[in-house]
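# Topology and contacts: notes
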Amino acid sequence: MRGPQTLLPILILALLFLAPLDVAAQPNIDVEFYFPHYYNTTFKAQTNEQVIISGGFRGGGSFWGAVYITNEGGETIDLLTVRLDVPIDEGFKVLRPPRDGVASDDGSYFVANVTNIEPGETRRLSFQLAVPETIEPKAVDFVLTITDSEGNVVFQETYRRPFVPEPFTVYLGTLIVSLVAIGATFYAIEKGKLYGASFKTKDIIYSTIFGIFLTVWVQVIGRSLGFFAMTNRLPIPFVNYAIGDIGYATFFVLGVLIVRKPGVATFIQFVYQFTSQLMFYGFDIRWYVYALAQAVPVDLYLAISNKYFLSQAEGATIPRPKGIWAVIDAALIGGLRAFFAWISLYYVFYPYLNHFYTTSYVVFMHTTTMTIFNMIYGAFVALPLFKVLERLIP
């Protein structure tokens, strides 16, 4: 008969042998949880900072979310059961579980099965939750639990998300800064410190025409005729979007170069907003602040730079930069609009009007790419066209 001294080493060896087998039996998965989740195929990225804004997407009372599960092992995973518990005590509720999933009667959680996940394959489970309103910032918790076919818990995590009111103060600040900049610019013009000139009838006509051109490019050529869909399929994230902006950037810079008086950028943007809302979006006066945010920097630049350029052109009433300065000037007009358009869109207008934030990576890449390409379009597309039109139009 073997004594305890003999059995102990055998038990230790058995445990050492069986432990790796038990670990190997556990599915090897990577899990990502996104709520809110704004997925854009153009950027190939999850573009939401996962800050929950009161009232849900565009104030509609809900947000979509997603769970991504990736099989990082070498064998097919036959079955995983996913459960998400939501903070129902704060007013959140499951509206739509993932496909083939089931929500609880009170909407406090959903359960969904994922089957036959091949090695390296990623499955996305999309869901929709009701989002209440809040007037004070707080944090809410979501608990994600995943079990295998035997009922063993293979993943469990609590995700804390900020739940904040609508960022109205940032929007209001943008409006105030824009109006102050406009007032200061025209005050300096009145005092002779900056350049300014009254609009003539032809200036109004040209500005209106190019504002309508922007609408035609975006709404008709870009969206209705599918130019944006075509460029978005190019396998170069961010650059593909910037390529689709060639017409918008060219028409904008061209209109500014032709009139070249402070106020022209704002005029063109207001015409674009008005015609787009009239014909396609429906009226929302709040979006006119977006026109100011991207146009006022260009008008301020014209008031400052034209003062210098006019001093270099004897006898001229409208300054026209020459040589390399003309190239730099057209590039700056294009770049200024694009930079402030996308920075303000991501940090002011998307959060306040659409109720979602965007990742810093996407903001940086998109804003930088759009700014550079708009500078190129301004300098090497709009400027040559302007030189041709300059000889043809009065």
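Coordinates for the structure precede this section.
Residues numbered from 1 in each chain as written. Predicted model: local features only at pLDDT ≥ 70, side-chain atom pairs only at ≥ 80, totals over all residues. Heavy atoms only, no water.

### Here we look at the overall build of the chain
Counting secondary structure elements, the chain contains 10 helices and 12 strands. Whereas a compact globule of 394 residues would reach a radius of gyration of roughly 21 Å, the chain reaches 29 Å, over 25% beyond that. Along the first, second and third principal axes, the C-alpha set of the chain runs to 115 × 40 × 40 Å. Taking all 394 residues of the chain together, 46% fall into the buried category. Sequence-distant contacts, at least 24 apart, represent 77% of the contacts inside the chain between residues at least 6 apart. Summing over all exposed atoms, the chain offers an accessible surface of approximately 20,100 Å²; the carbon and sulfur share of this is 63%. Taken together, the 27 basic and 30 acidic charged side chains of the chain have centroids lying 17 Å from each other. (Helix = DSSP H or I, 4+ residues; strand = E, 2+ residues; numbered from the N terminus. Rg over C-alpha atoms; globule rule 2.2 N^0.38 Å. Buried < 20%, exposed > 50% of the residue type's maximum accessible area, 1.4 Å probe, protein only. Contact = heavy atoms within 4.5 Å. Areas by Shrake-Rupley, 256 points an atom, 1.4 Å probe, with all protein chains shown as cover. Lys, Arg positive; Asp, Glu negative; His and termini not counted. Charge placed at Lys NZ, Arg CZ, Asp CG, Glu CD.)

### Regarding the sheet that holds strand 10 (residues 122-130)
Spatial ordering of the open sheet is given by 1-5-10-7, a layout of four strands whose pairing is antiparallel. Looking at strand neighbours, the two that pair on one side only are strand 1 (29-34) and strand 7 (93-96), the edges of this open sheet. This sheet shows a mean twist of 30° between the axes of neighbouring strands, independent of strand direction. Pairing of strand 5 (residues 62-71) with strand 10 involves nine bridges; the strand directions are antiparallel. What sits directly across from Trp-64, in strand 10, is Gln-128. (Pairing = 2+ DSSP bridges. Axes fitted to C-alpha atoms, helices over the stretch in contact; angles between N-to-C directions.)

### Quick look at the packing of aromatic side chains
Counted according to the given criterion, the structure contains 35 aromatic pairs. Ring centres 5.5 Å apart and planes at 85° place the aromatic pair Phe-210 and Phe-213 in the edge-to-face group. With Phe-210 and Phe-213 both in helix 3 (residues 201-224), this residue pair falls three residues apart, about one helical turn. Given a relative accessible area of 6%, Phe-210 falls into the buried group. (Phe/Tyr/Trp six-rings, centres within 6.5 Å; stacked < 30°, edge-to-face > 60°.)

### Topic: the layout of surface pockets
Estimates place the volume of the largest pocket at around 1,200 Å³. Of all the elements in the fold, those that place two or more residues in the lining of the largest pocket are helix 3, helix 4 (227-232), helix 7 (264-281), helix 8 (288-312), helix 9 (323-354) and helix 10 (360-390). The biggest single contributor to the lining of the largest pocket is helix 9, with nine residues. Considering only residue class, the lining of the largest pocket consists of 22 nonpolar, 14 polar and seven charged. (1 Å grid on protein atoms, 1.4 Å probe; cavity = no way out; pocket = protein on both sides within 12 Å on 5 of 7 lines; lining within 4 Å. Points joined across faces, edges and corners; volume = space filled by probe spheres on them. Nonpolar A, V, L, I, M, F, W, Y, C, P; charged D, E, K, R; others polar.)

### Remarks on the pairing of strand 6 (residues 77-85)
Pairing of strand 6 with strand 9 (residues 109-117) involves eight bridges; the strand directions are antiparallel. Note that in strand 9 the partner of Leu-79 across the bridge is Thr-115. Sheet analysis places strand 6 next to strand 11 (residues 138-148), joined by six bridges and oriented antiparallel. Across the sheet, Thr-81 pairs through a bridge with Thr-147, a residue of strand 11.

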